[in-house]
Amino acid sequence: MTETVHLIAPRSSYDVIAEQYAELFRAELDDAPLDRALLSGFAEMVRRDHPDPQLLEVGSGPGSVAAHLHQLGLTVRGIDLSPAMVELARREHPEVSFDVGEMGALDVADASVAGVVAWYSLIHVPVPQRPRVISEFYRVLRPGGYALLAFQIGDDTLHLDEAFGHEVSLDFHRLQPDAVVALLDDTGFELTVRLVKAPESTSAAAKVPQGFLIARKSW
Ligand SMILES: C[S@@+](CC[C@H](N)C(=O)[O-])C[C@H]1O[C@@H](n2cnc3c(N)ncnc32)[C@H](O)[C@@H]1O
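Just so it is clear, the structure is predicted and the values come from calculations on it, not from any experiment.

Chemist: Tell me what's going on with the sheet that holds strand 2 (residues 75-80), and back it up with residues and numbers.
Modeler: Read from one edge to the other, the open sheet built from seven strands follows the order 3-2-1-4-5-9-8, with strand pairing classed as mixed. If you trace the sheet from one side to the other, it starts and ends with strand 3 (97-100) and strand 8 (189-197), each paired once. On average, each strand axis in the sheet is inclined to that of its neighbour by 15 degrees, with strand direction left out of account. Two elements, strand 5 (residues 141-152) and strand 9 (residues 210-217), share seven bridges in a ladder whose sense is antiparallel. When the bridges of strand 9 are listed, Leu-149 appears paired with Leu-213. The strands touched by helix 4 (residues 83-92) within the sheet are strand 2 and strand 3, with strand 3 carrying the most contacts at an inclination of about 170 degrees.

Here it is, written out as structure tokens:
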């Protein structure tokens, strides 16, 4: 029951706001030098350690992060719960492949990808489902593969029942880096990078601290 609700609400909500969300966030990376540096470093680590690196971006939304990773020399597949987001991402970034899917049950073979990126998408996964999602990342990664997680830091859950003038039901769970690191550790990951970015008064999207973690599946 809970399982179903935690997928139905974000899927239908992102379906109705896909176009406006993309409009607002399309160019976000252009003005985010630290985020771009982190994505570049991550891409370089993945390329250095894995020939022909295949990468998954889970919760790829409008596809701009996946497209950025593609430009950094990785073969990227974006996966998103929302069919409208996937359609939009395919239209805007035909060079990247996008599919509808769920990060807790990935239609991806074991040990088949060199990297998994969850860029502000783990924030929609409620606490009880998180271990399963992190285990999925571990399952699909090759030995030595990397996971990159980006999220807002906090203890609360922001609930929106309206966005861009549409009725939605969206929960944004803030996460504590310690709790995510513990989850990664329990799953068997080795932590590689832990970064906390202070809130930015100039950015509406970054009013709370942002956490970035890179973890590796052992060889
Ligand atoms: C805040 S947006 C981030 C989009 C993109 N990563 C970016 O940074 O522009 C979160 C995305 O995660 C997707 N999502 C939420 N829960 C998901 C799940 N369980 N599996 C796959 N995608 C999910 C939503 O449909 C939405 O497109």
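Now, onward.
Chemist: Tell me about the site of the ligand, and please be specific about residues and values.
Modeler: Around the ligand, the structure places 19 residues, and the nearest of them are Glu-57, Gly-59, Asp-80, Glu-102 and Trp-119. One of the side-chain N or O atoms of Glu-57 is found 2.8 Å from a nitrogen atom in the ligand. Backbone polar atom of Gly-59 to a nitrogen atom of the ligand: 2.8 Å apart, as the coordinates give it. Expressed as a share of its isolated accessible area of 600 Å², the protein-covered part of the ligand is 96%. Looking at side-chain class alone, the shell around the ligand contains nine nonpolar, seven polar and three charged residues.

Rules and cut-offs
Residues numbered from 1 in each chain as written. Predicted model: local features only at pLDDT ≥ 70, side-chain atom pairs only at ≥ 80, totals over all residues. Heavy atoms only, no water. Pairing = 2+ DSSP bridges. Helix = DSSP H or I, 4+ residues; strand = E, 2+ residues; numbered from the N terminus. Axes fitted to C-alpha atoms, helices over the stretch in contact; angles between N-to-C directions. Contact = heavy atoms within 4.5 Å. Near = heavy atom within 4 Å. Polar contact = N/O pair within 3.5 Å; in protein donor to acceptor, adjacent residues only side chain to side chain. Areas by Shrake-Rupley, 256 points an atom, 1.4 Å probe, with all protein chains shown as cover. Nonpolar A, V, L, I, M, F, W, Y, C, P; charged D, E, K, R; others polar.

Purely geometric stuff here, so don't read any function into it on its own.
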